[in-house]
Amino acid sequence: MPSPAIEMIGITKIFPGVVANDGVNLEVAEGEIHALLGENGAGKSTLMSILFGLYESDGGIIKIRGREVRIRGPNDATVLGIGMVHQHFKLVHNFTITENIILGLEPKNRLGNLDIKTAEEKVVRLSETYGLAVDPKAKIENITVGMQQRVEILKILYRSADILIFDEPTAVLTPQEVDELLAIFNRLKAEGKTIILITHKLREIKAAADRCTVLRRGKCAGTVMVKDTDERKLAEMMVGRAVNFRIEKKPPSPGEVILKIEDLTVIGSKGTPAVNGLSLEVRAGEIVGVAGVDGNGQSELVAAISGLLPVKSGRVLLKDRDISRESIRRRNEGGMGLVPEDRHKHGLILAFRLDENLVLKSYRKSPYSSRFGFLRFSRIADHAKTLIGEFDIRAGNGPATSAGGMSGGNQQKAVIAREIDLSPDLLIVSQPTRGLDVGAIEYIHRRIVEERDKGRAVLLVSFELDEIMALCDRIAAVSKGRVVGVVPAETADERQIGAMMAGVEA
Ligand SMILES: Nc1ncnc2c1ncn2[C@@H]1O[C@H](COP(=O)(O)OP(=O)(O)OP(=O)(O)O)[C@@H](O)[C@H]1O
Ligand SMILES: [Mg+2]
């Protein structure tokens, strides 16, 4: 019996107010794909950050291939052949792919200058070996998220890692990209790499992993052979109760038109129309889903409605008022709520406290500001306590927790809580359940349906067709910046919507 690639024994990590890892054991065999599953805040990222040397544990030992090691930083981890692709990517956006991959390990020529040609050749060779096609000269800011992830993978392969840690690699990918990534995992495994995969998608665990270790509230809830279990059992092991995968909802009773988009054109980052003559209506009391393959104008559509991108032509009407040229603040005050696709860029201020983040859109009003314009901190903290309870936001230090120190899924819950709490006439939710565990998804879906039933108009943008089919009343399929067709969800079938997403009219 060869020794396992990794043994983490009795690992404990304490943050202020929370035991993130509480005597966790994890054993990963050489050459296996090992999934790590657990609720938002269960301690998965923390455990992997300890293995990668980003955090020092408060107790426990780590053995790599049978030998006890101390990992004091990412450099130690790299020397041991451990590489990590983080939950939130860490690339330099105005650097090229090659520059990002070689960062810190740049090949030099005889004069000691950077030898970019040799570097590019190495990148191409590496990408061919593992079937990770990239354009070495492209800048990060111009490539898709799926491509950025390939760069992250190449970056650790360039450092000769043979233990690869992936922290929620599929959360930001489209379904097609997910399939590609799972295929890449199998190739890496065939090359003898050991993989640890954190994911909330039980289907991916079934599809790719050999074994799965479940964490619950910082403790190990067990390790199972994936082929001997199913999605239901995994979900139950993880949240400690049965999870309802179906969304219960009554038929909608749509009212007046709340959002009206007329012949909208928006210029994207490439300088060409990303939204190209798009029209759509969302009524009070209905959920309209925008279904499409990533990059067909969905992000730009949401950005234009919410005021993050200018409208080139056409109009956006909110309750009959033309808001096309209004400031973001005016739009918010006029009754718009937004759960943005990128929680770090547009959802939260990571350096602020949780309670401050929860009043980002309402702090100037009563009861959070006094008549004289002073913030009323106790009211702000009380408000946070209410939302923390309601949305089960797990934050070690309660309202005072810094948003940056929260787990990814709990950051997401915070953004959703803030927006739903404002009870806007129009609620725009873009990839709302990205990074959420199955229990949290169940809750958030229920809350979105509740908002609909209260008479709110909901616009949902999601790359997950399953989510759109389950949650929406009407589905608008988009392709190349236009609506190809709108169908009632009740009678829609996946094949028909897939065809419309490919541009075929219904
Ligand atoms: N840098 C930090 N400072 C303070 N607390 C932290 C820090 N990092 C993590 N925590 C806390 O440790 C706990 C575990 O967080 P962790 O990020 O490991 O969860 P996770 O299982 O990865 O969750 P998710 O699925 O949401 O990503 C959480 O309660 C979190 O708030
Ligand atoms: Mg995490």
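As the structure is a prediction and not an experimental result, all values here were calculated from the model.

Conventions and cut-offs
Residues numbered from 1 in each chain as written. Chains lettered and ligands numbered in written order. Predicted model: local features only at pLDDT ≥ 70, side-chain atom pairs only at ≥ 80, totals over all residues. Heavy atoms only, no water. Core = buried A, V, L, I, M, F, W, Y, C linked by side-chain atoms within 4.5 Å. Buried < 20%, exposed > 50% of the residue type's maximum accessible area, 1.4 Å probe, protein only. Contact = heavy atoms within 4.5 Å. Domains from an automatic or database assignment. Buried area = accessible area lost by both parts, 1.4 Å probe. Salt bridge = Lys/Arg side-chain N within 4 Å of Asp/Glu carboxyl O. Polar contact = N/O pair within 3.5 Å; in protein donor to acceptor, adjacent residues only side chain to side chain. Helix = DSSP H or I, 4+ residues; strand = E, 2+ residues; numbered from the N terminus. Patch = residues over 30% accessible without salt bridge, like charges linked within 9 Å, V, L, I, M, F, W, Y side chains within 5 Å. Areas by Shrake-Rupley, 256 points an atom, 1.4 Å probe, with all protein chains shown as cover.

1. Re the nonpolar core
Generally speaking, soluble globular proteins have nonpolar side chains that are buried together.
Reasoning step 1: Counting 49 residues, the largest nonpolar core has Phe185 and Ile205 as its most contacted members.
Reasoning step 2: Filtering out sequence-adjacent residues up to four positions away, isoleucine 205 remains in contact with Ala35, Leu37, Thr199, Cys212, Val226 and Leu234.
Reasoning step 3: Of all hydrophobic cores here, the second largest spans 42 residues; its members include Ile393, Ile448, Ile475 and Met500.

2. Notes on the domain arrangement of the protein chain
Reasoning step 1: The domains assigned to the protein chain are domain 1 (6-239), domain 2 (244-335 + 424-506) and domain 3 (350-422).
Reasoning step 2: Once you take the C-alpha centre of each, domain 2 and domain 3 turn out to be 26 Å apart.
Reasoning step 3: At the junction of the two partners, domain 2 supplies 16 residues and domain 3 supplies twelve residues.
Reasoning step 4: Taken together, the two surfaces of domain 2 and domain 3 that pack against each other cover about 1,200 Å², and 58% of this comes from carbon and sulfur.
Reasoning step 5: A salt bridge links glutamate 333 to arginine 364, with the nearest nitrogen and oxygen atoms 3.2 Å apart.
Reasoning step 6: Along the contact surface separating domain 2 from domain 3 lie four residue pairs in polar contact (both at pLDDT 80 or more).
Reasoning step 7: Secondary-structure elements contributing two or more residues to the side of domain 2 that touches domain 3 are helix H10 (328-333) and helix H15 (438-453).
Reasoning step 8: Sort the elements by how many residues they give to the side of domain 2 that touches domain 3 and H15 lands first, with five residues.

3. A few points about the environment of lysine 312
Reasoning step 1: With respect to the helices, strands and loops of the structure, lysine 312 is situated in the loop between helix H9 (298-306) and strand E14 (313-318).
Reasoning step 2: What makes lysine 312 exposed here is its relative accessible area of 54%.
Reasoning step 3: Remark: the alpha-carbon pair of lysine 312 and leucine 426, spanning 114 residues in sequence, is separated by 22 Å.
Reasoning step 4: If near-sequence neighbours (up to four positions away) are discounted, lysine 312 is found in contact with Thr265, Val266, Ile267 and Arg325.

4. A short note on a nonpolar patch on the surface
Reasoning step 1: A surface patch of nonpolar side chains, about 290 Å² in accessible area, is lined by Tyr363, Leu375 and Phe377.
Reasoning step 2: On the secondary structure map, phenylalanine 377 appears in helix H13 (residues 377-391).

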